[in-house]
Each structure stands twice: as structure tokens, then as C-alpha cells.
Amino acid sequence: MNVFVINAGSSSLKWQVIATDSGGAQGQGDVRLCRGAVERIGGEAIVSTQDLRGARQKFTAPARDTRAALDYVLRWLLSDASGVREIRGWGDIHAVGHRVVHGGELFHESALITRDVLKGIEDCIDLAPLHNPNNLRGILAVREICGEAMPQVAVFDTAFHASIPEHAYLYAVPYHLYRRHRIRRYGFHGTSHRYVAYRYQTLLQLKPEQTHIVTLHLGNGCSATAIRGGRSVDTSMGMTPLEGLVMGTRSGDLDPAVVNLMAAKEGLSPHEVEALLNTQSGLLGVSGLTNDMKVLLEELEEHEDRRVRLAVEIFCHRARKYVGALLASMGGADAVVFTGGIGENSAEIRARICDGLQWAGLTLNENQNQQTTGREGRISSDESRLAAYVLPTDEELLIARDTARCVLGTEGA
Ligand code: ADP
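Small disclaimer: the values here were computed from a predicted structure and weren't measured. (Residues numbered from 1 in each chain as written. Predicted model: local features only at pLDDT ≥ 70, side-chain atom pairs only at ≥ 80, totals over all residues. Heavy atoms only, no water.)

Peer 1: Even after reading the chapter, I still don't get the site of the ligand, so can you show me in this structure?
Peer 2: Of all residues adjacent to the ligand, which total 13 residues, the nearest are N220, D292, M293, K294 and G341. Here an oxygen atom of the ligand and a backbone polar atom of M293 are 3.0 Å apart. Here an oxygen atom of the ligand and a backbone polar atom of I342 are 3.3 Å apart. Broken down by element, the shell around the ligand gets its largest block of residues, four residues, from helix α12 (residues 340-345). Its residues assigned to classes, the shell around the ligand shows three nonpolar, eight polar and two charged. (Near = heavy atom within 4 Å. Polar contact = N/O pair within 3.5 Å; in protein donor to acceptor, adjacent residues only side chain to side chain. Helix = DSSP H or I, 4+ residues; strand = E, 2+ residues; numbered from the N terminus. Nonpolar A, V, L, I, M, F, W, Y, C, P; charged D, E, K, R; others polar.)

Peer 1: For this particular structure, what's the right way to read the environment of L397?
Peer 2: The residue L397 is located in helix α15 (residues 395-408) in this model. Among residues more than four places away in sequence, those in contact with L397 are I18, D30 and Y195. (Contact = heavy atoms within 4.5 Å.)

Peer 1: What is the right way to read the packing of aromatic side chains from this model?
Peer 2: Two descriptors summarise a pair of aromatic rings, namely the distance from one centre to the other and the angle between the planes of the rings. Using the criterion set out here, one finds nine aromatic pairs in the structure. Centre to centre, the rings of F59 and Y72 are 6.2 Å apart; their planes meet at 55°, and the pair counts as tilted. In this pair, F59 is assigned in strand β5 (residues 56-63) and Y72 in helix α1 (residues 66-78), connecting sequence segments 13 residues apart. On the numbers, 4.3 Å between centres and 10° between planes, the contact of F107 with F156 is stacked. Of this pair, F107 sits in the loop between β6 (95-100) and β7 (111-112) while F156 is found in strand β8 (residues 152-156), placing the two residues 49 residues apart along the sequence. Taken as a pair, F107 and F156 share a single burial class, namely buried. In textbook terms, an aromatic cluster arises when at least three aromatic residues are bridged by ring pairs, as seen for F4, W15, F59, Y72 and W76. Stacked on the ring of Y186, the Lys or Arg R184 has its end atom at 4.6 Å from the ring centre. (Phe/Tyr/Trp six-rings, centres within 6.5 Å; stacked < 30°, edge-to-face > 60°. Buried < 20%, exposed > 50% of the residue type's maximum accessible area, 1.4 Å probe, protein only. Lys NZ or Arg CZ within 6 Å of the ring centre and 35° of its normal.)

Set out below in C-alpha cells:
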């Protein structure tokens, strides 16, 4: 089944076309036919694409909104210019899968989009005002362009965390606030955590119920999840993706009283403080330079800049602290799994996080750690009681598989 996977943001649209092997053994034969992104939607947008053979194209195109961007991408895909031979007409796209950020308490798994599901996603806008409206726009644009008959599936970032028990998801605030406004921890990056748990399980030939790991998704956004028996039992992100680890531009955890203090001292509204914590903080805020970890590490090596060093140290300290907390929360684990742009590519950050986890039985194999970049591998020493792995994430693949499964009505990964 050819699945068009969409991740619709406020000014960008990322997409992939994946031919899923719905008949064969799980994970066998899924083929990525093409991928791309439209950025700076709103005017003259930048379109970049990469086909099956790795050939890249980059050009500009007018796209005033998500619908126009999607219309452009689909026309391009169907044209000779794309070089995607498998997609020659609308009939060659069999279903569309969407990343939807917030499923609230309504969605515990991926769902075929019906009128009720659309209403449910709308109802979750309150919980994710910055994300769900964009995801909805993507769904409605597909409907307008491809017609109602095109099956569409929503894959929620929050769904994997639906198994977190009450004592781990409730905040210790007056209970009626949870009842009235559903204020609680939801967790995000669920598709990524679920994918790497699935890869771990496949590599080690385990059953889901034998899968006990802490997963660290370290990208621009960062989160850690405790997975016991293959299910999420605790996670670092909260009501919104702001809580938890230090991220590219997000602060992660801080004393909630700081919000008021910052507002008073800096003459900011609560909304402005929240924006500052989301977009001006984290690695960017501390270093004063960039949110890009690769650049920070290069800078550190060349200039030994004090604030850059601090940004990297705070990042690693927080990640290490969360690994410890989640190990305690879940009663111990067999492995720590690194994923996301930083987790997959930076041996240095992995080493810094693991240095200090010897008490938990984790020791790295330095060579293995250095040599494992952007690919799957075990990076802990043979004696390590707590193993460590690098497992690159592939959220789009899981979205494509979920989409095929929901459309065909079958069970799957
Ligand atoms: P997103 O969360 O937007 O999908 P990614 O998962 O691609 O982002 O992660 C982006 C982060 O990964 C950036 O901070 C980038 O600098 C970092 N990164 C990528 N490669 C390396 C590397 N070799 N060393 C250190 N950091 C890296």
C-alpha cells in the first residue's frame, strides 16, 4: 500500500511516500519512494525533495497556505519531474497518514479519520493550540484535494503514553483542575519512543512484555520515556512538550514560580513568558549562540566558550538525572536507548550522559560508541549490567504502517 505521510506544521509541511509491505513479515519490504519538505509556507515557499535513489531537488514555489503547499507537492509527485515511477495517478496513493500532536484522553491509538475523529482532534485544540490546528489543516486539505474517499489516518504523538498510570500522569494540584480542564501529563514523541522500543524488541528477539528500557529521544525537542513490558509507564514531557529535558530552544523543567517572577521583572505577559521558555531558552538561551548541538560541540572544541560549555553540561546533566529518575520510576531496566538527531549522531553527548551512570551498572564501550553514528548498534561494554543502544528513529515509517493497518483493519507492530 502506498501511503502518503504528512507532518503539517505552522509554516512547514514535511512528507514522505512509503510503500508498506502489508502482506509480508513485519518490517520487511517497506520502501521509501520519496520524501520532502515545504518550508516558509505563506509566500514564496522552499520545496526540497529526495527520491528513492537519493537524488535531491530544491526549488521555490508559491504556497500561501497548507492547502496550496499540499496541492503543489501532490501535482509535483504525479508529474514526470518527480521521477517517482510508482506514483502515476491519484489511484496510486492508497491512503494518507498524519502526525497529530495531541490526542488528549480521547485517542489511545491511531485512528481512521471519520467525522467523529475529526471532532475529537478539534476538541484537543485547547490542549495543543500551537499544533493541532496545523494538523487539522493538513487533514482538511487532503480531503479537499483528494476527495472524501481517500482514507486518512491520524497517528497521535500522545497515544503511546496512554498506558502511563494515574499516579505518574497526575500533577499534585487540586484534583478538580484535572476534572475540569484535564490538566495532567500527556507525554509526546510517542511514535518515536514506540518505534525504538519495537526495534529493540526485534533486534533482541524479545516479546513486548520482555521489553524494559529507558528511551532518550534527543533531537530539537527532547524527551525520555520509561518503557516497562513494552508499554510507556512514565515520561518527561508533560501537559505540553515544554516539561522535562533541556531542548534546543525549550527550557524543560523549572520552578513554576519563575514564570510570575520573569513576568514581573521583565514586564512580560504570561503568554510572552511561555513563548520565551519555548523559543528562547534551552541550548540557545544558555549559550546565547544557537540551538544546534552540532555547532555547539564544534564551538566548544575550537574556542572553549564558557556559556557553550555550560549549555552542553546542563543538557547532559538533566538527561542523566532523568535516566536515573525513570529507572527508579519503573523499577529498573535492561537498557538505555538513544535516538533523535543528537542521540543517533553524537558519541560525545552519549558519553557525557552515561558518564555518571556507572552506579546503575552502565559502562560504555568507547570504540563502539565512537563508531556508532546514525545506525543501530550496542554501545555498552560486554560487562555492563545496564546496556546502551543507538537505535535511529523512523516515525514516518510507523505512521505509514499504522495507516496501512487502520485502513486494512489488521493487527500490527
Ligand atoms: P528534529 O527534532 O527537528 O527532528 P533532529 O532529530 O534532526 O531534529 O535533531 C536535530 C539536532 O541533532 C540538532 O541539535 C543537531 O545539531 C543535532 N545533531 C545532528 N547531528 C549531530 C552530530 N553529529 N553531533 C551533534 N549533534 C548533532
